[in-house]
Amino acid sequence: MKAIRYYAYGPPEVISLEETGRPEPGDDGVLVRVRAASVNPGDWHLLRGSPYVFRAVAGLTRPKAHGLGADFAGVVEAVGKEVTRFAPGDEVYGCAPGSFAEYVTVPESGPVTGKPAGLTFEQAAAVPTSALTALQALRDKGRLAQGQKVLVNGAAGGIGTFAVQLAKAYGAEVTGVCGGGNVELVRSIGADDVIDYTRQDFTRTGRRYDVVLDNVGNRPVADCRRLLTPDGTYLHNSGSGGRWFGPMGRIIRLNALNLVVRHALPSFVTRENAADLVTLRELIEAGRLAPVVGRTHPLSEVPEAIAHVERGHARGKVVITL
């Protein structure tokens, strides 16, 4: 099969498209013929080995794993002898490491489920990691409730476009923050108000919010706390930061502040799981959630796709087609 590989940390130029062996599903596994995959910020962090603290797990001087990609949508090719939930020919979507490849395997009990009806494979591949992050941040950490006010910083990006729609689905009043070129996009997906950060400082409008989801991390914590109601929640979800520790410095400060302030400043890690993928599928099929695909690239153009996401101004999701 054809698959994306990298053997050293560095810029997108270190990526190669290679012929490699097709994986085997194992007794409890599902082999999926990938029809589309999507790019996430985690892909360029893996590629760069950045922040450096991350290399303690990924490999100190070179990557231990050589594939990239985490989200997929495709068709079940084969299943292990113990698998009962899936059969060859099923259309599925989910998460699997190394999804920039013609085939991936995922355990039957892993983060995989039936593809949402009515979506193309490209649209379905745009959903998993970004929508799971938005869902778990707002629902589980933000404890979002009907009638609350929510601000999404980075509302036009991969996670932000899902967060705006999910907040509306949960009955919130939503303000999106984005650049001027994306204002109409953010309005079109349901935002009640949109702030163009190039024209207005969103931290100094005088408005207060019950939940702030910050996908950018471009303002000091004190400025972001100024946006909150007395019992408000600030959710930091940005990978930006220094070369050595990335967002960890900000997370450490937030955890320390949690001990002395009334605001909730929780940290969180996205949990890839089938149950939440089913929740997202139900919302999509009910017409309450739709992926925004900003651009697509063939598998041979993964370096260009990752470079575009790394520059930080991707509109919606960037999808790889196979």
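The structure under discussion appears in the preceding block.
We now turn to the structure provided with this report. These figures come from a predicted structure and were not determined experimentally.

Take the packing of aromatic side chains next. For any two aromatic rings, the description comes down to two numbers: the centre-to-centre distance and the angle of the planes. Taken as a whole, this structure holds zero aromatic pairs when the rule is applied. When the ring centre of Tyr-103 is taken as reference, the NZ or CZ atom of Arg-33 above it lies at 5.6 Å.

This next bit is on the packing of helix α4 (residues 128-141) against helix α5 (residues 158-169). Running from amino to carboxyl end, α4 crosses α5 at an angle of 45 degrees, the nearest separation of the two axes being 8 Å. Put simply, α4 runs oblique to α5. Handedness of the crossing formed by α4 with α5: right-handed. Here α4 contributes Ser-130, Ala-131, Thr-133, Ala-134, Leu-135 and Leu-138 to the contact with α5, which in turn contributes Gly-158, Ile-159, Phe-162, Ala-163, Leu-166 and Ala-167. Of the residues that constitute the contact of α4 with α5, the class distribution is nine nonpolar, three polar and no charged.

So, about helix α9 (residues 274-285). With 12 residues, α9 extends 16 Å between its outermost C-alpha atoms, agreeing within 8% with the 16 Å of an ideal straight helix rising 1.5 Å per residue. When we look at burial in α9, the residues that qualify are Ala-274, Asp-276, Leu-277, Leu-280, Arg-281, Leu-283 and Ile-284. Those residues of α9 hidden inside the fold are in contact with β5 (91-95), β7 (112-114), α4 and α5. At the N-terminal end of α9, a side-chain oxygen is found 3.3 Å from the backbone nitrogen of Ala-275, two or three residues along, and the residue is Asn-273. Of the residues one or two after α9, Gly-287 is the one with positive phi, at around 80 degrees.

Turning our attention to the pattern of salt bridges. In total, this model carries 14 salt bridges according to the counting rule given. Note that Glu-77 and Arg-22 form a salt bridge whose closest N and O atoms lie 3.9 Å from each other. Separated by 55 residues along the polypeptide, Glu-77 in strand β4 (residues 71-79) and Arg-22 in the loop between β2 (16-19) and β3 (29-38) bring together distant segments of the chain. Measuring nitrogen to oxygen at the nearest pair gives 2.6 Å for the salt bridge that ties Arg-139 to Asp-140. Put simply, Asp-201, Arg-204, Arg-219, Asp-223 and Arg-226 are held in one network by salt bridges that share partners.

Analysis parameters
- Residues numbered from 1 in each chain as written.
- Predicted model: local features only at pLDDT ≥ 70, side-chain atom pairs only at ≥ 80, totals over all residues.
- Heavy atoms only, no water.
- Phe/Tyr/Trp six-rings, centres within 6.5 Å; stacked < 30°, edge-to-face > 60°.
- Lys NZ or Arg CZ within 6 Å of the ring centre and 35° of its normal.
- Axes fitted to C-alpha atoms, helices over the stretch in contact; angles between N-to-C directions.
- Helix = DSSP H or I, 4+ residues; strand = E, 2+ residues; numbered from the N terminus.
- Parallel < 35°, antiparallel > 145°, perpendicular 65-115°, else oblique.
- Left-handed = near helix turned anticlockwise from the far one by under 90°.
- Contact = heavy atoms within 4.5 Å.
- Nonpolar A, V, L, I, M, F, W, Y, C, P; charged D, E, K, R; others polar.
- Expected span 1.5 Å × (residues − 1).
- Buried < 20%, exposed > 50% of the residue type's maximum accessible area, 1.4 Å probe, protein only.
- Polar contact = N/O pair within 3.5 Å; in protein donor to acceptor, adjacent residues only side chain to side chain.
- Salt bridge = Lys/Arg side-chain N within 4 Å of Asp/Glu carboxyl O.

Take it as geometry only, folks, not as evidence of what the structure does.
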